[in-house]
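# Overview (structure and organization)
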Amino acid sequence: MFKTTKPDSRILILQIIIVSILSFSLGNWTAILLLFLVVDLTACYFFGVRTGMKYLAAYGITYGIQRLLLLVFIPVLSQVLAMFLILFLKTIPVYIMILLLMRRSPMNELLTALRKLHVPMLFLIPFSVMYRYLPTIRQECKYIHESLLMRGLHSSKKMVLKHPMRSAEHYLVPLLFRSEQITEELSAATLCKGLHINRERSCYVEVKLQAADYLYLAGLLAVSGILLYVNSHIYLL
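Residues numbered from 1 in each chain as written. Predicted model: local features only at pLDDT ≥ 70, side-chain atom pairs only at ≥ 80, totals over all residues. Heavy atoms only, no water.

### Quick look at the overall build of the chain
Within the chain, the secondary structure is distributed over 9 helices and 0 strands. When the helices and strands of the chain are read in sequence order from the N terminus, they spell out α-α-α-α-α-α-α-α-α. When the 237 residues of the chain are sorted by exposure, 37% land in the buried category. Contacts spanning at least 24 positions in sequence make up 79% of the contacts within the chain whose residues lie at least 6 apart. Total accessible area on the chain is roughly 15100 Å²; 69% of this is exposed by carbon and sulfur atoms. (Helix = DSSP H or I, 4+ residues; strand = E, 2+ residues; numbered from the N terminus. Buried < 20%, exposed > 50% of the residue type's maximum accessible area, 1.4 Å probe, protein only. Contact = heavy atoms within 4.5 Å. Areas by Shrake-Rupley, 256 points an atom, 1.4 Å probe, with all protein chains shown as cover.)

Encoded structure:
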């Protein structure tokens with residue numbers, strides 16, 4: 001029996017739910033920033049320090065612009081742009097946790113974990129296709145970009161801004177033609193791997209919660225409790 005990936009997919013799904021609730025319910029900026037720092041440290045551990053620093057830099061720049069707009073009031077711009085920046089700041093932690101699930105959980109373990117949660121196969125089949133579809137589309141965009149370079153159709157950023165419709169056409173038209181074929185191939189591959197509405201699938205990995213998962217869950221709940229306490233009692237920003 002092969003070893004399962006840790007943390008368990010169910011713990012990572014619960015983590016996404018908890019981070020989403022905290023991110024959009026916390027009103028104290030001290031707690032909000034602490035939440036991101038915890039998420040960023042998690043990204044540093046699983047993805048590497050360089051990736052974590054990129055998220056930290058993007059968050060820091062966005063937060064700085066948002067605070068600057070509050071100090072230097074510009075009619076309309078300060079209100080509208082600040083609102084979008086706050087939404088972006090609250091979305092980044094959730095995005096990182098979703099990315100963690102996608103990179104850490106193999107498809108077979110994720111599907112088995114969801115079946116243990118009694119998620120119906122009627123949902124799992126399209127979910128598995130979509131789960132594979134998004135990375136495939138990203139790879140297709142890379143191939144299209146290389147093809148445009150070979151044909152001399154790739155434009156500079158200045159030309160993209162000057163002719164956005166033409167630039168979009170160069171990417172969207174071949175992508176739309178490939179999308180239908182990719183969807184059919186992924187659907188066929190999903191069925192060939194044993195996914196069927198009326199049949200239970202098997203897994204060569206024994207997916208179950210172990211001590212490491214419970215320890216990770218305890219840490220997750222402890223950090224959530226601390227953030228809720230900070231949100232209610234500590235105001236530094």
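Resuming the write-up.
### Examining helix 3 (residues 49-71)
An ideal rise of 1.5 Å per residue puts 33 Å on 23 residues; helix 3 measures up with 32 Å between its terminal C-alpha atoms. What helix 3 keeps buried is the set G52, Y55, Y59, T62, Y63, Q66 and L69. Buried residues along helix 3 sit against helix 2 (29-47) and helix 4 (77-104). (Expected span 1.5 Å × (residues − 1).)

### Things to note about helix 1 (residues 9-25)
Each turn of an α-helix holds 3.6 residues, which means side chains three or four residues apart point in the same direction. For helix 1, with 17 residues, the first-to-last C-alpha span of 24 Å sits near the 24 Å given by 1.5 Å per residue. Against helix 2, helix 4, helix 5 (107-116) and helix 9 (211-233) lie the buried residues of helix 1. Structurally, the start of helix 1 carries an N-cap: the backbone nitrogen of R10 is 2.8 Å from a side-chain oxygen of D8. (Polar contact = N/O pair within 3.5 Å; in protein donor to acceptor, adjacent residues only side chain to side chain.)

### Overview of the side chain of D8
Topologically, D8 is positioned in the segment before helix 1. With a relative accessible area of 3%, D8 lands in the buried category. Separated by 2.8 Å, the side chain of D8 and the backbone nitrogen of R10 make a polar contact. Excluding residues that lie within four positions of it along the chain, D8 makes contacts with A113, V207, K208, L209 and D213.

### Focus on the pattern of salt bridges
Per the stated rule, a full pass over the model turns up 1 salt bridge. The salt bridge involving D8 is made with R10; its shortest N-O contact spans 2.9 Å. (Salt bridge = Lys/Arg side-chain N within 4 Å of Asp/Glu carboxyl O.)

### As for the packing of helix 2 against helix 4
Packing of helix 2 against helix 4 brings their axes to within 10 Å, and their N-to-C directions diverge by 25°. As summarised for this structure, helix 2 and helix 4 are arranged roughly parallel, according to the angle between their axes. Here the hand of the crossing between helix 2 and helix 4 comes out left-handed. Residues W29, I32, F36, V39, T42, A43, F46 and F47 of helix 2 form the contact with helix 4, whose participating residues are I86, L89, K90, I92, P93, I96, M97, L99, L100, R103 and R104. Per-class residue counts for the contact of helix 2 with helix 4 are 15 nonpolar, 1 polar and 3 charged. (Axes fitted to C-alpha atoms, helices over the stretch in contact; angles between N-to-C directions. Parallel < 35°, antiparallel > 145°, perpendicular 65-115°, else oblique. Left-handed = near helix turned anticlockwise from the far one by under 90°. Nonpolar A, V, L, I, M, F, W, Y, C, P; charged D, E, K, R; others polar.)

### Side note on the confidence of the model for the chain
With 86% of its residues at a pLDDT of 70 or more, the chain shows a mean pLDDT of 81. Mean pLDDT across the secondary structure elements of the chain bottoms out at helix 7 (residues 157-162), with 67, and peaks at helix 2, with 92. (pLDDT = per-residue confidence, 0-100.)

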